2 protein chains.
Amino acid sequence: MEKYLEILKGSKLFANVAEPEMISMLACLGSRERQYNEGEFVFRRGDRVDSVSVLAEGGLIVQSDDYWGNRSIITSVGVGELFGVGYLAGEAIMNDVVAAEDSTVISFDAKRVLTVCPSACPRHAQVVRNLVFALSEANLRLVTKLGHIQKRTTREKLMSYLSLMAKKTGSSTFTIPFNRQQLADFLSVDRSAMSAELCRMRDDGLLRFNRNSFTLMESGRA
Amino acid sequence: MEKYLEILKGSKLFANVAEPEMISMLACLGSRERQYNEGEFVFRRGDRVDSVSVLAEGGLIVQSDDYWGNRSIITSVGVGELFGVGYLAGEAIMNDVVAAEDSTVISFDAKRVLTVCPSACPRHAQVVRNLVFALSEANLRLVTKLGHIQKRTTREKLMSYLSLMAKKTGSSTFTIPFNRQQLADFLSVDRSAMSAELCRMRDDGLLRFNRNSFTLMESGRA
DNA sequence: CGCCTTTCGTTGTAAATACAACAGACTTTC
DNA sequence: GAAAGTCTGTTGTATTTACAACGAAAGGCG
């Protein structure tokens, strides 16, 4: 566990909690550490989640395959981020969470995080507040994704996603954390159709790209 | 404010908080009450939200119009539900919140809810926990909606939404809280195309409907 | 290097959707 | 109860997308 103190310190869950206090809370919160190999399932649809989990190493994909095998990528999870916190109210989880690479997950007993000893652990209340903020951000991510997907055409979806990425990185040139198939799954469109549309957008002078590196052109908004 | 005590008592925010304690907290949390007429904006895109709001009367729609005027309905808000809680982390709100009918909103100062006097107000910690659960549920709603929208065809989107409604109400006959245009906006499809698809589904024996009352047929899953 | 696997672009066709326009049913209002 | 307005269903056309299939390029590995 000590290995990951730095990461935990930088995670949303322990924002504004000093290291000594954090360490004293780790035991109190029932923390557990577990490794996952690439491709392994962290959660499966139908599981009940009774923990608050932080990714300490690696990368995760939150996805969902429907009855006919169409895969939808809900979101990706990076180091230091919380996940699975959308199901604390007791509902069964609706998506699979899969390790995109070898990963380490640190999880905390949800009941202890939420209900035990806010006085005994001096900064416990802060952790609960952090949880509120983390959930709030998760909400924002989902709404943002909805904003992309609700666009009517593939080109609009791509523009919506790519222009947000440019805004987030503060540069018109950036790389995305998806390959073509994953991007298509994320935007909920067909890969080959999306690939073709990307090329048309390039030919129309909207952008340039190479693999997962993109550059948006001034001409913009078509 | 007293008018709405019953509703507040039944709201997610004050679950497991006895009425006397709740009343003593109302002032402490900086509660405000405000009326909105049908069509009036409760929040506009770009607003900063520094409050936790509960709908006491009426009904709200969370929606977003894009640059070209296409409207997307994110969700509807019923009496007793929290809204706007996805933006506590400080980001600007991305959607408009509009009163679908004459409505009353009670809001609480977010900073006080999150940071003040967890000891002075005996059940303050419970309210913060409730907020976590409410956010968790909001997350779930969004993920559920994503599940509908990510379906590739209009028929699949309709089946996804309607079968969930049947499951939620526990009956194969139920009414939905949307008219056709709103349902189309919610599922992010064209209204007339959706209307036509609904009729084809009826002709295929999948369901029956009249206005916003639907009945799913045994034959199911096409 | 050569083989194998994965990823990406390309194309043609069938299917699905958006859009526009209109008619009928139902509501509201005066 | 007539008029105006709203909601829903219907149809035809142009556009967009999904699907399948394939070849080329890139990366991994013995």
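Higher on the page you've got the structure.
Everything numeric here is computed off the predicted structure, so don't read it as measured data.

Enquirer: I tried to follow the nonpolar core on my own but got confused; where do I start?
Expert: One broad rule of soluble globular proteins: the nonpolar side chains tend to lie buried together. Counting residues in each nonpolar core, the largest one holds 56 residues, and the members touching the most others are Phe 14, Phe 108 and Leu 131 of chain A together with Phe 14, Phe 108 and Leu 131 of chain B. Setting aside anything within four residues of it in sequence, one finds Phe 14 of chain A in contact with Leu 8, Lys 9, Met 22, Leu 26, Leu 29, Phe 108, Val 127 and Asn 130 of chain A.

Enquirer: Hey, could you run me through the protein's contact with DNA strand D in this one?
Expert: Taken together, the neighbourhood of DNA strand D is formed by 17 residues, with Thr 154 of chain A together with Arg 180, Ser 195, Cys 199 and Phe 209 of chain B sitting nearest. Among atoms of DNA strand D positioned within 4 Å of the protein, sugar and phosphate together represent 65%. Asp 190 of chain A places a main-chain nitrogen or oxygen 3.0 Å from a phosphate oxygen of DNA strand D. Within the side chain of Ser 195 of chain B, one N or O atom sits 2.9 Å away from a phosphate oxygen of DNA strand D. Counting residues per element, the ones that place at least two in the surface near DNA strand D are helix H7 (191-203) of chain A together with helix H7 (191-203) of chain B. A total of five residues in the surface near DNA strand D trace back to one element, the largest contributor, which is H7 of chain B. When its residues are assigned to classes, the surface near DNA strand D shows five nonpolar, six polar and six charged.

Enquirer: When you look at the pairing of strand E11 (residues 213-216) of chain B in this model, what are you seeing that I'm missing?
Expert: Residue and element names in this part refer to chain B. Strand direction decides the pairing type here: strand E9 (residues 173-175) and E11, joined by three bridges, are antiparallel. Of the residues in E11, the one forming a bridge with Thr 175 is Ser 213. Relative to E11, strand E10 (residues 207-210) runs antiparallel, the two sharing four bridges. Residue pairing in the sheet places Arg 208 in a bridge with Thr 215 of E11. The antiparallel hairpin formed by E10 and E11 contains two residues in its connecting segment, where Arg 211 sits at a positive phi of about 55°.

Enquirer: Teacher, can you tell me more about the relation of the copies chain A and chain B here?
Expert: Overlaying chain A on chain B yields an RMSD of 0.1 Å, the required transformation being a rotation through 180° with an accompanying axial translation of 0.0 Å. Each copy turns onto its partner about a two-fold axis. A share of 98% of interface residues in chain A that are also interface residues in chain B marks the association as one of identical surfaces.

Enquirer: Would you mind going over the sheet that holds E10 of chain B with me for this structure?
Expert: Within a beta sheet, neighbouring strands are joined by backbone hydrogen bonds and run either parallel or antiparallel to one another. All names here are of chain B. Strand order in the open sheet formed by three strands is E9-E11-E10, with antiparallel pairing between adjacent strands. In this open sheet, the two strands that pair with only one neighbour each are E9 and E10. On average, each strand axis in the sheet is inclined to that of its neighbour by 20°, with strand direction left out of account. In this fold helix H5 (residues 154-169) packs onto E9, E10 and E11, with an angle of close to 100° to the strand it touches most, E9. Together, E10 and E11 form the strand contacts of H7, whose direction differs from that of E10 by roughly 130°.

Enquirer: Quick question: what am I supposed to make of the sheet that holds strand E1 (residues 32-36) of chain B here?
Expert: All names here are of chain B. Spatial strand order, E1-E8-E3-E6: four strands in an open sheet with antiparallel pairing. Two strands in the sheet have a free side with no partner beyond their single neighbour: E1 and strand E6 (82-83). Direction of pairing for strand E3 (residues 51-57) relative to E6: antiparallel, over a ladder of two bridges. Paired with Val 54 across the bridge in E6 is Leu 82.

Enquirer: Help me out: how do you make sense of the packing of aromatic side chains in this one?
Expert: The way to describe two aromatic rings as a pair is by their centre distance and the angle between their planes. In total, this model carries 14 aromatic pairs over all chains according to the counting rule given. The interplanar angle of 70° and the centroid separation of 5.6 Å between the aromatic rings of Phe 14 of chain B and Phe 108 of chain B together place this pair among those described as edge-to-face. Placement of the pair is Phe 14 of chain B in the loop between helix H1 (5-10) and helix H2 (19-28) and Phe 108 of chain B in strand E8 (residues 103-109), with a sequence separation of 94 residues. There is no split in this pair, since Phe 14 of chain B and Phe 108 of chain B are both buried. The interplanar angle of 35° and the centroid separation of 6.4 Å between the aromatic rings of Tyr 161 of chain B and Phe 178 of chain B together place this pair among those described as tilted. One end of the pair, Tyr 161 of chain B, is in helix H5; the other, Phe 178 of chain B, is in the loop between E9 and helix H6 (180-187), with 17 residues separating them in the sequence. Side by side, Tyr 161 of chain B and Phe 178 of chain B carry an identical accessibility label, which is buried. Among the aromatic side chains, those forming a connected cluster through ring pairs are Tyr 161, Phe 178 and Phe 186 of chain A. The lysine or arginine in question, Arg 44 of chain A, covers the ring of Phe 41 of chain A, its NZ or CZ lying 3.9 Å from the ring centre.

Enquirer: In this structure, what is going on with H5 of chain B? I would like to understand it.
Expert: If you check H5 of chain B, its first and last C-alpha atoms are 22 Å apart, about what 16 residues at 1.5 Å a residue would give, namely 22 Å. On its buried face, H5 of chain B is in contact with helix H4 (124-149), E9, H6, H7, E10 and E11 of chain B.

Enquirer: What am I meant to see in the interface of chain A and chain B here?
Expert: Much of the literature gives interface size as the accessible area that the parts lose upon coming together. At the interface, 43 residues of chain A touch 42 residues of chain B. A buried area of about 4000 Å², summed over both sides, lies between chain A and chain B, and 66% of it is on carbon and sulfur atoms. At the surface where chain A touches chain B, the tally comes to 14 residue pairs in polar contact (both at pLDDT 80 or more). When contributions to the side of chain A that touches chain B are tallied by element, the ones reaching two or more residues are strand E5 (71-77), helix H3 (110-115) and helix H4 (124-149) of chain A. Examining the composition of the side of chain A that touches chain B, we find that 17 residues originate from one element, H4 of chain A, more than from any other. Residues belonging to the side of chain A that touches chain B are distributed by class as follows: 24 nonpolar, nine polar and ten charged.

Enquirer: Help me out: how do you make sense of unusual backbone geometry in this one?
Expert: Where the residue is not glycine, phi is negative for most of them; where a peptide bond is considered, it is trans in most cases. The backbone of Ser 188 of chain A shows a phi angle near 65°, a positive value even though the residue is not glycine. Structurally, Ser 188 of chain A can be placed in the loop between helix H6 (180-187) and H7. In this model, Arg 211 of chain B sits at a positive phi of 55°, which is unusual for a non-glycine residue. What makes Arg 211 of chain B exposed here is its relative accessible area of 70%.

Cut-offs used in this document
Residues numbered from 1 in each chain as written. Chains lettered and ligands numbered in written order. Predicted model: local features only at pLDDT ≥ 70, side-chain atom pairs only at ≥ 80, totals over all residues. Heavy atoms only, no water. Core = buried A, V, L, I, M, F, W, Y, C linked by side-chain atoms within 4.5 Å. Buried < 20%, exposed > 50% of the residue type's maximum accessible area, 1.4 Å probe, protein only. Contact = heavy atoms within 4.5 Å. Near = heavy atom within 4 Å. Polar contact = N/O pair within 3.5 Å; in protein donor to acceptor, adjacent residues only side chain to side chain. Helix = DSSP H or I, 4+ residues; strand = E, 2+ residues; numbered from the N terminus. Nonpolar A, V, L, I, M, F, W, Y, C, P; charged D, E, K, R; others polar. Pairing = 2+ DSSP bridges. Least-squares fit on C-alpha atoms with pLDDT ≥ 70 in both. Axes fitted to C-alpha atoms, helices over the stretch in contact; angles between N-to-C directions. Phe/Tyr/Trp six-rings, centres within 6.5 Å; stacked < 30°, edge-to-face > 60°. Lys NZ or Arg CZ within 6 Å of the ring centre and 35° of its normal. Expected span 1.5 Å × (residues − 1). Buried area = accessible area lost by both parts, 1.4 Å probe.

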